[in-house]
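An overview of the molecular structure
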Amino acid sequence: MLAENTMVTEVTTAHVNDRVCDVLERMRATKLRMLPVVDDAGIVAGVISTFSIMENLVPSYIVSGDLNQIPYAPDMGILRRHYLEVIEKDLLSVMETKPLLVKRDESLLSTAAALTAFGKHEYALVVDEDKRLIGVISAGDILDRLGTMVESAENDA
Amino acid sequence: MHNTEHVVSSSVIFGFDPVWIAVSILLLIYGVIMAEKFNRAVLALLGAGLMILCGVLNQQQAVSGIDFNTIGLLTGMMVIVAISQKTGMFQYVAIKAAKMVKGEPWGILVMLSLVTAVFSALLDNVTTVLLIAPVTLLITDALGVRPYPYLFALILASNIGGTATLIGDPPNIMIGSAAHLNFTDFLINLAPIIPVIFIVVITVIWFMFGRDLKATDEKKQLIMQFDENAAIKDVPLLKKSLFVLVAVITGFTVAHTFHLEPATIAMFGAAVLLLLQSWGQPLHDKDHAYEGIMAEVEWTTIFFFVGLFIIVTGVEHTGIIAMLGEKTLTMTGGDLAATAAAVLWVSAIASALIDNIPFVATMIPLIQSMAPTFGGEEALIPLWWALALGACLGGNGSLIGASANLIVAGFAQRAGHPIAFLTFMKHAFLLMLLTIAIAHVYLYLRYLS
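In what follows, the accompanying structure is described.

Analysis parameters
Residues numbered from 1 in each chain as written. Chains lettered and ligands numbered in written order. Predicted model: local features only at pLDDT ≥ 70, side-chain atom pairs only at ≥ 80, totals over all residues. Heavy atoms only, no water. Contact = heavy atoms within 4.5 Å. Buried area = accessible area lost by both parts, 1.4 Å probe. Salt bridge = Lys/Arg side-chain N within 4 Å of Asp/Glu carboxyl O. Polar contact = N/O pair within 3.5 Å; in protein donor to acceptor, adjacent residues only side chain to side chain. Helix = DSSP H or I, 4+ residues; strand = E, 2+ residues; numbered from the N terminus. 1 Å grid on protein atoms, 1.4 Å probe; cavity = no way out; pocket = protein on both sides within 12 Å on 5 of 7 lines; lining within 4 Å. Points joined across faces, edges and corners; volume = space filled by probe spheres on them. Expected span 1.5 Å × (residues − 1). Buried < 20%, exposed > 50% of the residue type's maximum accessible area, 1.4 Å probe, protein only. Right-handed = clockwise from strand over helix to strand, strands pointing away. Pairing = 2+ DSSP bridges. Axes fitted to C-alpha atoms, helices over the stretch in contact; angles between N-to-C directions.

Our next topic: the interface of chain B and chain A. Facing 22 residues of chain B, the contacting portion of chain A comprises 18 residues. Counting the surface lost from both chain B and chain A, the interface buries some 1600 Å², and carbon and sulfur atoms represent 63% of this. Its largest share of buried area at the contact with chain A, chain B owes to Leu-138, Asp-141 and Arg-414 of chain B, together 33% of the area lost on that side. Viewed at the interface, chain A and chain B are joined by two salt bridges. With its nearest N and O atoms 3.0 Å apart, the salt bridge here joins Asp-141 of chain B to Arg-81 of chain A. Put simply, chain B and chain A have four residue pairs in polar contact (both at pLDDT 80 or more) between them. Where the side of chain B that touches chain A is concerned, the elements lending two or more residues are α5 (89-100), α7 (125-143), α12 (217-224) and α22 (403-414) of chain B.

See below:
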């Protein structure tokens, strides 16, 4: 079984020229937490996720562990200040530039292995030889496919 | 360190003159320490071992060369600081200071520098910057200003503040112990010039960065929303720590009256605070707490000192340091003012470029060897102040000049605002020279004119 046989082809994307606030609005509307970022030709430039936006909200000196207990700081005030800055940024400065890519003829086993090893992304982007986005494939899609296979095998028996 | 007998040994070790063996070990170990490729404590202990194995010193001479007053004072203060820092008092004071100036960016820079200088004088500058620098990053982030001017000021303030007292900086502990100068001596002789140096440095920093530090009212308001009371993690421990800290500092000021060494005061204070901090806890918890605190003592630094004392004793034993002392006196014409100036400026430049602890360890016997020329140990006093001012303030000359500098640079790096070595030196070296010039004038007017 190949990735192209299981992937979802109707994909909501973000454009490289979008701002973070545009993408957040689209994420809220579609209830998606991760969008592929493509250019005019549909070539993948990266992915934008709620996680990568959050990474930009939290100052690096807190992430590094130098200040892990800060009950005295006005947390919502500081987060709000960063939020207002981040939503005005271009997507290019916030997105992840190394998404998980698989080719259309990749086997489901290796796609599943890649998703497990990569860890932090909900789905892999399926691309053609020119890195043009043709679909996405998630762990849920693979599990659904397996479930359908088992069901139909049982029905046949 | 207290060995005043300088005799060039006539014995031959492995066919070599012991002078060459001792100097070779010293230069080799100092060279590798400067290269920063190996742990400095391991290197110092290796050098100390070589001094004994090569026959420069015997076991007894090596042990008697270790200055246990310095070791005891350092260890005692490390224990007290390790317990005190758990209370959150450093963060409390830093936030309180920032709110006192209503969140004004320049006022915050001055207040955080002042807090750092005072804590560095009364505790130690490494712990101070370790706890103040992260809060500084948080405050500058809330203000939306560049953290570099604040971190730059913090580094300078920590080394300036540390110069003021016997316990502020390791070189002062070493000098105080070797020259029998007590806490009050340092307070009377060094502390008066420190506020002058601090004010001059802060004024220069204002001209360098101050005018660009601006924040909106909304961001200043964010500073006022910090809750300093939430920084205090353990009120009973805070009270115990403050009690012991005040008692220890009072003890330092009166110790000489009772013929007590500062190390005795510090170690006793550490033992009392260890006892108090776990008072009423089950035995198992107490043991666990003691082990935790002991693990926080910087044993690497302590063993570095032990090894260093033995290496310097070995070199001193061969008489080479006395010879260098005589050469220095020949160059300065045996004039006290010229010698003090040489000690001050050479110490400052050297401390900016190399670790000031081994430098001071070597300078101490060299200055001691000059006593007969100047008419006894009492006459050396200006030279000790010159060494203390040069070695401590010199640490501001570069990013590698003092441990506190490197710690702040590490925070800046992790926060995504790295401090470039040359950028820092461009700003700091001239400022350091200015502080040394002020110290020179002070020494001249007070002791040498």
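Still to come is the rest of the account.
Our focus in this paragraph is the layout of surface pockets. The gaps left among the atoms become clear once a water-sized probe is rolled over them. All names here are of chain B. Approximately 750 Å³ is the volume attributed to the largest pocket. Lining the largest pocket are 32 residues, with Arg-40, Asp-355, Ile-357, Ala-402 and Ser-403 positioned closest to its centre. Put simply, the parts of the chain that give the lining of the largest pocket at least two residues each are α1 (18-35), α4 (68-84), α7, α9 (170-179), α19 (356-368) and α22. Reported here for the second largest pocket is a volume of approximately 520 Å³. Surrounding the second largest pocket, 23 residues form its lining, Leu-324, Phe-359, Thr-362, Met-363 and Leu-366 being those nearest its centre. Within the residue set of the lining of the second largest pocket, elements represented by two or more residues are α1, α17 (320-331), α18 (336-353) and α19. Counting residues per element, the lining of the second largest pocket draws most heavily on α1, at six residues.

Residue and element names in this part refer to chain B. The end-to-end C-alpha separation of α18 is 26 Å, in line with the 26 Å expected for 18 residues at 1.5 Å each. Among the residues of α18, Thr-339, Ala-340, Ala-341, Val-343, Leu-344, Ser-347, Ala-348, Ala-350, Ser-351 and Ala-352 are the ones counted as buried. On its buried side, α18 packs onto α17, α19, α20 (371-374), α21 (381-394) and α23 (421-448).

Residue and element names in this part refer to chain A. Among the five residues in strand β5 (residues 123-127), five count as buried, and that is most of the element. With respect to chirality, the unit in which strand β4 (residues 101-103) leads through helix α6 (residues 108-118) into the neighbouring parallel β5 is right-handed. The hairpin formed by β5 and strand β6 (residues 133-138) contains five residues between the paired strands, and Lys-131 there has a positive phi angle of roughly 65°.

Residue and element names in this part refer to chain A. Across the sheet, which stays open at both edges, the three strands sit in the order β1-β2-β3 with mixed pairing between neighbours. Edge positions in the open sheet fall to β1 (14-15) and β3 (44-49), since each of these has one partner strand only. Here strand β2 (residues 34-38) pairs with β3 via five bridges, running antiparallel. By the bridge assignment, Leu-35 is partnered in β3 with Ile-48. Here helix α2 (residues 20-30) sits on the sheet in contact with β1, β2 and β3, set at roughly 135° to β2.

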